[in-house]
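# A closer look at the structure
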Amino acid sequence: RDAKTGLPPAARYALEPFANPRVMQILERVRAADPDEPISFTTNGAMLTEEIVARLAEMRPVMLTVSLNASSVEVRQRTAGDKAPNGAQVAMDCLELLRQYRIPFIGSYVPWPTKSLDDLQDTIRLVDRHDGALARVCLPSWAAWTHDEPPFETEAYWDEILRAIDAVRSEVEVPVHIMPHMYHLRTLRPVIQGTVKNSPAAMAGLRYGDLIVAIEDETMYTRPQVAGRLHQRIVVDQHETTTFT
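So, a few notes on the structure that sits alongside this text. (Residues numbered from 1 in each chain as written. Predicted model: local features only at pLDDT ≥ 70, side-chain atom pairs only at ≥ 80, totals over all residues. Heavy atoms only, no water.)

### Describing a nonpolar patch on the surface
Cut-off, in case you're wondering: Distance thresholds for patches are 9 Å for like charges and 5 Å for nonpolar side chains (Val, Leu, Ile, Met, Phe, Trp, Tyr), applied to residues having over 30% relative accessible area and no salt bridge. Every accessible area reported is derived by Shrake-Rupley at a probe size of 1.4 Å, with residue values counting cover from the shown protein chains alone. Salt bridges are defined as contacts in which a side-chain nitrogen from Lys or Arg sits within 4 Å of a carboxyl oxygen from Asp or Glu. Under the DSSP-based scheme used, a helix requires at least four consecutive residues in state H or I and a strand at least two consecutive residues in state E, with every element numbered from the N terminus.
Side chains of I234, V235 and V236 sit close together on the surface and give an oily, nonpolar patch of about 260 Å² of accessible area. Following the sequence through the fold, V235 ends up in helix α9 (residues 223-236).

In structure tokens, the structure reads:
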């Protein structure tokens, strides 16, 4: 730690890789060691200046999860506590930079009750406007040893969040992924939860709510079965086309 040569964290969403002053040199060494391995990490976006984004673009394939947690600079300043200079503005501006430099990203949001659900909906719209691969909504949680009084009634508030998401789904193309997803999707049936904008699946007409009945005339019953079949066709057998029912 004292030498400041450690790797950025992979398993802890709460830690910011760009707090390491040498993170770009680390990532560039990772890319030099393996030119094809996808690089993926989570950032709060407060340090994603154009200079940084341009350097990341030279390391493709790169995939970022940007913890936006706000739809505007004002809400971000009020709720995020960014320590980076002008961090809220940089975080809001980075989505357009990622779009311009063709770096796929996930826009992430935790709808804590101190923020309005209108802001959640506006953030999903924001991610959609900037062609994000996915809008991720992490349902908020709390523990008895962190709060003297319950900040909200979990199931009632979670259901309120789900209604807000359902109300905006028809307006956007970006898939909305809810975590934990089994609270919302209480089935293993292969129901499509969204298609990445401009992807082959989206262009073929697959949409949120569609049920995959078969792949290449083989009946499909569960999401894991679909995932395994697609992995076999695309990664192992390297088929270029797949027929869905």
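So much for the structure itself; the text now carries on.
### Quick notes on helix α1 (residues 23-33)
Heads up, the rule is: When a residue's accessible area, from a 1.4 Å probe over protein chains only, is under 20% of the maximum for its type it is buried; when over 50% it is exposed; and in between it is partly exposed. Note that the arc is defined by the directions from the helix axis to the C-beta atoms. Residues are treated as being in contact if the distance between any of their heavy atoms lies within 4.5 Å.
Looking at α1, one finds that the buried residues are V23, M24, I26, L27 and R31. When α1 is viewed along its axis, its buried side chains cluster within an angular range of 160° and face the same direction. Exposed and facing more than 90 degrees away from the buried side of α1 are R29, A32 and A33. In this structure, the buried residues of α1 make contact with β1 (39-43) and α2 (50-57).

### Here we look at the pairing of β1
Under the convention used in this document: If you view a crossover with the strands going away from you and the path from the first strand over the helix to the second runs clockwise, you call it right-handed.
Burial analysis of β1 places four of its five residues in the buried class, which makes it a mostly covered element. As a crossover connection, the stretch from β1 through α2 into strand β2 (residues 62-67) is right-handed.

### Digging into the state of the cysteines
Where we set the bar: Cysteine sulfur atoms are paired as a disulfide whenever they fall within 2.5 Å.
Enumeration according to the criterion identifies zero disulfides in this entry. In this structure C94 is not part of a disulfide, and its nearest cysteine sulfur, from C138, lies 16 Å away.

### Overview of the nonpolar core
In globular proteins that are soluble, nonpolar side chains generally tend to be buried together. This is how it is decided: The set of buried Ala, Val, Leu, Ile, Met, Phe, Trp, Tyr and Cys residues whose side-chain atoms join them within 4.5 Å is what this entry labels a nonpolar core.
Ranked by internal contacts, the top residues of the largest apolar core, which has 47 residues, are L48, L56, L64, I124 and I161. Sorting elements by how many residues they give to this core places helix α6 (residues 154-169) first, with seven residues. Core analysis: the second largest hydrophobic core is formed by six residues, L206, I215, M220 and V226 among them.

### Examining the sheet that holds strand β3 (residues 105-109)
For the record, the criterion: At least two bridges found by DSSP between two strands is the condition for calling them paired. Comment: axis = line fitted to C-alpha atoms, over the contacting stretch for helices; angle = value between 0 and 180 degrees taken between N-to-C directions.
Read from one edge of the open sheet, five strands run β1-β2-β3-β4-β5, paired in parallel fashion. Since the sheet does not close on itself, it has two edges, and those belong to β1 and β5 (176-179), each with one partner. Recorded for the sheet is a direction-independent mean angle of 20° between the axes of neighbouring strands. Relative to β3, β2 runs parallel, the two sharing four bridges. Bridge pairing links V66 to G107 in β3. Contacting β4 (134-138) and β5, α6 runs over the sheet at an angle of about 170° to β5.

By themselves, these figures tell us nothing about what the structure is for.
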